[in-house]
Amino acid sequence: SIPLSFFSGIGVSSRRGILVKGGNYLEELNRVKTVVFDKTGTLTYGKFQVTEVRAEGISQEELLEVAAAAEKHSNHPIAQSIVEACGIDIPEKNIQDYKEIEGKGVAVFYRGEEILAGNEKLMKDYNIKYEKAENHGTVVYVAKNGKHLGAILIADKVKKDSAKAIEGLKKLGVECHMLTGDSRSVAEAVGGELGIENIHSELLPQEKADHLTRIKNETEGSVIFVGDGINDAPVLALSDIGVAMGGIGSDAAIEAADMVLMTDEPTKLVEAFDVAALTRKVVL
Ligand code: ADP
Ligand code: MG
């Protein structure tokens with residue numbers, strides 16, 4: 001039988017905006033030694049803004065237009081920033097064969113021309129010659145009919161309480177990792193700012209899952225994964241405790257998760273550890 005106090009632990013948590021889907025997860029929190037974070041939408045706001053458009057041989061407006069056509073049907077926060085920056089509502093009839101390539105970008109036919117928008121992996125897959133753009137943020141490369149058209153530079157921001165959350169976890173003796181599909185330079189900038197030593201970047205969703213399995217095998221205690229759910233549902237499912245962001249997170253992620261942080265604040269996870277420790281004291 002489950003001790004009554006676990007139910008009150010759940011009550012305390014929920015009043016603080018932490019949804020726990022069972023007393024066993026509060027109990028398990030006391031055994032956690034490692035927390036693995038997704039980056040985009042989890043440690044950062046996932047609210048991207050276009051900061052620069054580098055067009056080659058066409059105007060910036062034209063580059064943004066084809067990119068927005070390619071991104072119109074994507075739910076990725078990167079896509080939404082490009083559609084917003086373009087400002088034109090692209091007619092549906094001009095968009096065909098939309099394809100989302102997980103962890104890489106999108107491909108579409110716009111007015112009968114093949115448009116690609118995504119990272120370097122996508123450009124390599126399609127044998128596009130491009131010039132690497134140096135940026136502290138994310139770079140979306142754009143190509144039309146096999147030819148590079150330019151790059152869109154996009155910036156995201158680290159959440160204001162992320163550093164405090166990492167500090168709090170370290171104080172509890174918990175090891176922190178970050179897994180991201182984003183570039184190494186962006187990952188290292190964010191990880192450096194937050195004091196996360198274990199950074200794994202440029203990962204495809206399956207590679208994120210492989211890393212989580214490896215981390216689980218190397219950890220004595222339980223392992224938490226915290227994500228917004230975009231491209232990381234498999235990792236959420238593999239972890240001992242899957243934590244999703246309730247605001248920005250996808251419905252599927254919220255459903256798949258064992259815990260949901262309703263306000264999207266990473267510090268809520270530290271609070272959950274505190275509640276779990278209190279709950280244990282009450283039980284003993
Ligand atoms: P993360 O949440 O860790 O950034 P994702 O798997 O969601 O990981 O994305 C990994 C990378 O794939 C992004 O940083 C971006 O470079 C590229 N990408 C994914 N979706 C898109 C998209 N719709 N448009 C452009 N690039 C994308
Ligand atoms: Mg993400």
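Here the structure is a predicted model, which means the values were calculated and not measured.

Enquirer: Account for the packing of helix H3 (residues 60-71) against helix H4 (residues 77-86), with residues named and values stated.
Expert: Look at H3 against H4: their axes get within 8 Å of each other, and the N-to-C directions meet at 135 degrees. Taken as axis vectors, H3 and H4 run oblique relative to one another. Of the two elements, H3 crosses H4, and the hand of that crossing is left-handed. Every residue of H4 that contacts H3 at Leu64, Glu65, Ala67, Ala68 and Glu71 is listed here: Ala79, Ile82, Val83, Ala85 and Cys86.

Enquirer: Hey, could you go over helix H8 (residues 205-218) for me, with residue numbers and the actual values?
Expert: With 14 residues, H8 should cover 20 Å at 1.5 Å per step; its first-to-last C-alpha distance of 20 Å lies within 8% of that length. Within H8, the full set of buried residues consists of Lys208, Ala209, Leu212 and Ile215. Viewed end-on, H8 has its buried residues packed into an arc of 125 degrees, placing them on one side of the element. Those residues of H8 that are exposed and aimed more than 90 degrees away from the buried face are Gln206, Arg214, Asn217 and Glu218. Turning to H8, the residues buried within the fold contact strand E2 (32-38), strand E9 (175-179), strand E11 (222-227) and helix H9 (233-238).

Enquirer: Help me get a handle on the domain arrangement of the protein, residues and values and all.
Expert: As a measure of interface size, the accessible area lost when the parts come together is often cited. The domain architecture assigned to the protein consists of domain 1 (4-44 + 158-283) and domain 2 (49-155). Centre-to-centre, using C-alpha coordinates, domain 1 lies 31 Å away from domain 2. Between domain 1 and domain 2, the residue contacts involve 11 residues of the former and nine residues of the latter. The class makeup of the residues in the side of domain 1 that touches domain 2 is five nonpolar, five polar and one charged.

Enquirer: For the site of ligand 1, give the residues involved together with the corresponding values.
Expert: Thr40, Asn119, Thr180, Gly181 and Asn231 are the nearest of the 22 residues found near ligand 1. Elements that contribute at least two residues to the shell around ligand 1 include exactly H4, strand E5 (105-110), strand E6 (113-118) and strand E7 (138-144). A domain-level breakdown of the shell around ligand 1 finds at least three residues from each of domain 1 (4-44 + 158-283) and domain 2 (49-155).

Enquirer: Please provide a residue-by-residue account of the pairing of E6, values included.
Expert: Bridge analysis of E5 against E6 gives six bridges, and the strand direction is antiparallel. Each residue of the ladder has a partner; that of Ala107, found in E6, is Leu116. The hairpin turn running from E5 into E6, its antiparallel successor, is two residues long, and Arg111 in that turn takes a positive phi close to 50 degrees. Bridge analysis of E6 against E7 gives four bridges, and the strand direction is antiparallel. Within E7, the position partnered with Ala117 by the bridge is Val142.

Parameters at a glance
- Residues numbered from 1 in each chain as written.
- Chains lettered and ligands numbered in written order.
- Predicted model: local features only at pLDDT ≥ 70, side-chain atom pairs only at ≥ 80, totals over all residues.
- Axes fitted to C-alpha atoms, helices over the stretch in contact; angles between N-to-C directions.
- Helix = DSSP H or I, 4+ residues; strand = E, 2+ residues; numbered from the N terminus.
- Parallel < 35°, antiparallel > 145°, perpendicular 65-115°, else oblique.
- Left-handed = near helix turned anticlockwise from the far one by under 90°.
- Contact = placed C-beta atoms within 7 Å.
- Expected span 1.5 Å × (residues − 1).
- Buried ≥ 20, exposed ≤ 12 C-beta atoms within 10 Å, placed from the backbone.
- Arc of directions from axis to C-beta.
- Domains from an automatic or database assignment.
- Nonpolar A, V, L, I, M, F, W, Y, C, P; charged D, E, K, R; others polar.
- Near = placed C-beta within 6 Å.
- Pairing = 2+ DSSP bridges.

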